[in-house]
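Chains, contacts and geometry: an overview
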Amino acid sequence: LVLKTWMLPHTFVITRRTDLIDTINQYNKLGITQVVTKEDHLHCGHGVRKWDTIETLYSFMALSESSYPFVVQPFLENYTDIRVIIVGDYVEAYVRHNPNNFRMNISAGGKRYPYTLDKDQEKFCRAAMERGKFPFAHLDLHNTDYGKYYLSEIALNGGIKGASISRKELDQKKQNLLENLANIS
């Protein structure tokens, strides 16, 4: 809800059945068929699910109240998945690509490729961080074939599989940044 401006259009948080019914109506009006859901607190793509229709999703959810809340959004057919790590002045980005899985996760056999963020993309990431009050972040961007990019996910401590920085180095940068912020206050 807080970061909707940066997300793929027609991304919604579903907290209960009536939210899902309202979203079904909107998606059907817009001709959106395939959707993706994202379950909170699952990593490595384990909480990301693709549904051929939103009605299939609704039928499943009718039997499983325990899966609320979740995020639903239109399925993107073609995009580049970019992981961005920002801690103060440190910025690292890389493409995650898995030709055998729409989740693009490296942990399930994908590969990583270096990526250089342009100034607008970095500004986009930092604006999302500011809005969410993230002092540092791991951001996933979906860069579309038509030149738009959207925030897919943001976390304080996301994965770094594929990053050139080690977990130890990154944790130290985060700790230093937090200590500097505490000393400023």
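Structure shown above.
Here's a quick rundown of the structure.

Examining the overall build of the chain
The helix and strand tally for the chain stands at four helices and nine strands. For the chain, the succession of helices and strands along the chain, N to C, is β-α-β-β-α-β-β-β-β-α-β-β-α. A globule of 185 residues ought to have a C-alpha radius of gyration of about 16 Å, and the chain, at 17 Å, matches this closely. Overall, the C-alpha framework of the chain stretches about 50 × 40 × 30 Å when taken along its three principal axes. Counting all 185 residues of the chain, 43% fall into the buried class. Sequence separation of at least 24 residues holds for 57% of the intrachain contacts in the chain that already meet a minimum separation of 6. If you average the places of the 23 positive and of the 21 negative side-chain charges in the chain, the two averages end up 1 Å apart.

Comments concerning the side chain of threonine 144
Structurally, threonine 144 is set in strand β8 (residues 136-144). Contacts of threonine 144, omitting those with residues within four sequence positions, involve Leu76, Asn78, Tyr79 and Tyr150.

Notes on the pairing of strand β4 (residues 70-74)
With respect to burial, β4 is a largely interior element, four of its five residues being buried. Note: strand β1 (residues 12-14) against β4, three bridges, orientation antiparallel. Across the sheet, residue isoleucine 14 finds its bridge partner in β4, namely phenylalanine 70. Note that strand β2 (residues 35-39) and β4 share five bridges and pair antiparallel. Bridging from a neighbouring strand, valine 36 pairs with glutamine 73 of β4.

Criteria and cut-off values
Residues numbered from 1 in each chain as written. Predicted model: local features only at pLDDT ≥ 70, side-chain atom pairs only at ≥ 80, totals over all residues. Heavy atoms only, no water. Helix = DSSP H or I, 4+ residues; strand = E, 2+ residues; numbered from the N terminus. Rg over C-alpha atoms; globule rule 2.2 N^0.38 Å. Buried < 20%, exposed > 50% of the residue type's maximum accessible area, 1.4 Å probe, protein only. Contact = heavy atoms within 4.5 Å. Lys, Arg positive; Asp, Glu negative; His and termini not counted. Charge placed at Lys NZ, Arg CZ, Asp CG, Glu CD. Pairing = 2+ DSSP bridges.

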